[in-house]
Amino acid sequence: MKMKPLISLTLVLAGILVLVGILIFGRRGADTETPVIENKIVVTAQPTFRLPSSDASSVLRLRELAHNPSVSSAGATASYELRLAVADRLTTNETFRRWATNAVTTAACNLASRKEFHIHGANLMNSNSLQIEVGVAISGLRGEAVFDSDTNSRGPITFVVEGGTNPTVTMVRDPYGMATYQLNPSQAGSSSYPRHVARMDWGEATSPMDTSGVEAAARAAYFAMTGAQMPDGLQAKIDAPTITDPMVSDPSVQVTGNPNATVATVNNQRFPFVDFEFVNPASGDRILSGEMVQSSAGTGEFVELFTTQSRFSVQNSIIDLGQMFLSPSGEWAQDVLSGLGTTSQEEVLKRVWKIPNR
């Protein structure tokens, strides 16, 4: 009878030990399970928010190589090769081509509709009257918009648009309205001037145009073409040559043996054309050049405008377009880098300068 309390006590102590063991090992199990669950959540979530960092670093590397940091022929070839590779990808990108067509159309129409200056023969131009062609070069987008209002009485006006994600108009030209043709319309029918366009009427261009007005119009045109003000400190060269109007003869002057000859006198001197250019005196770079025609007394209209892009702008343009239109396709920049050096220098130069394979 005396053994029963001892057995009861032993059973109680054993129960307590079992309970403590369950609590301890249960806590340890809980502690080991929690990190496993958290790790699984982190691993599952990472791909959803991770950015393609290798693509971003590859783009930076492309920009560096495009600038030819070594200033060597090998560096120039590498710059050309990588920009050709990006151009090849953009050429077949339909989203880019649709965007480029719209960009070229908009740029040409905006320039032609400005009120601060006039482009000769472009007063009836609109988006529906343009012939658009777009392509890709190592300098980025190169597109042309041609306005050809009347193939019987005048020539086409061509607008060239170039650049990257913010392209600019780099050239406007009306070849039949320029002095080269107008002073020698006998060129009509040649390969350079296949149309027979009549000479303009220079009757009202009896005095030179005001040079300050020419400069103001040129500066306004530069801003409309590039979106930037013309740099300060440029040297302006404006020339309005004296031209004898072959359609006007001075009756007070007679040429022995040829009564129909036109002789230059004060009565038949005209100033229909104005040539201008704005040059950086330090570098000699021509920032803007062109030609105007005096369509009526004191009023000039542009028949040519030409400006150039900066070297770094040209090198960046194609990379900017690649980022804008090729990024959704994957690691495009890394693909370009991987192929660098696989094209021979000779083949790169042939493609850059369009040299035929011989």
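Refer to the structure printed above.
Everything numeric in this text was worked out from a predicted model, so none of it was measured. (Residues numbered from 1 in each chain as written. Predicted model: local features only at pLDDT ≥ 70, side-chain atom pairs only at ≥ 80, totals over all residues. Heavy atoms only, no water.)

## Looking at the sheet that holds strand 2 (residues 140-147)
Hydrogen bonds between backbone atoms are what pair the strands of a sheet, whose relative direction is either parallel or antiparallel.
And step 1. Reading across the sheet, the 8 strands line up as 1-2-3-4-10-9-8-5 and stay open at both edges, with antiparallel pairing between neighbours. Strand pairing shows two members of the sheet lacking a second neighbour, strand 1 (130-137) and strand 5 (235-239), which therefore form its edges. Averaged over all neighbouring strand pairs, the angle between strand axes comes to 25°, with direction disregarded.
And step 2. Judged from the 5 bridges that link them, strand 3 (residues 157-163) and strand 4 (residues 168-173) form a sheet pairing that is antiparallel. (Pairing = 2+ DSSP bridges. Helix = DSSP H or I, 4+ residues; strand = E, 2+ residues; numbered from the N terminus. Axes fitted to C-alpha atoms, helices over the stretch in contact; angles between N-to-C directions.)

## Digging into helix 8 (residues 332-339)
Side chains that are three or four residues apart share a direction in an α-helix, a result of its 3.6 residues per turn.
And step 1. Burial in helix 8 covers these residues: Trp332, Ala333, Val336 and Leu337. Looking straight down helix 8, one finds its buried side chains confined to an arc of 140°; they lie on one side.
And step 2. Immediately beyond the C-terminal end of helix 8, within one or two residues, lies Gly341, with a positive phi of roughly 95°. (Buried < 20%, exposed > 50% of the residue type's maximum accessible area, 1.4 Å probe, protein only. Arc of directions from axis to C-beta.)

## As for the environment of Ser310
And step 1. Summarising the element assignment, Ser310 is placed in the loop between strand 10 (299-307) and helix 7 (311-325).
And step 2. In the structure, Ser310 is positioned 23 residues away from Ile287 in sequence and 9.7 Å away in space, judged by C-alpha atoms.
And step 3. A polar contact of 3.1 Å, which involves the side chain of Ser310, links it to the backbone nitrogen of Ser313. (Polar contact = N/O pair within 3.5 Å; in protein donor to acceptor, adjacent residues only side chain to side chain.)

## Notes on the packing of aromatic side chains
And step 1. Counted by the stated rule, this structure contains 10 aromatic pairs.
And step 2. Between the aromatic rings of Tyr176 and Tyr193, the centroid separation amounts to 5.5 Å while the plane-to-plane angle is 75°, which identifies the pairing as edge-to-face. Placement of the pair is Tyr176 in the loop between strand 4 and helix 5 (179-182) and Tyr193 in the loop between helix 5 and helix 6 (211-226), with a sequence separation of 17 residues. The burial state of Tyr176 is the same as that of Tyr193; both residues are buried.
And step 3. Relative to Phe273, the ring of Trp202 has its centre 5.9 Å away and its plane inclined at 80°; by these criteria the two rings are edge-to-face. One end of the pair, Trp202, is in the loop between helix 5 and helix 6; the other, Phe273, is in strand 8 (residues 273-279), with 71 residues separating them in the sequence. (Phe/Tyr/Trp six-rings, centres within 6.5 Å; stacked < 30°, edge-to-face > 60°.)

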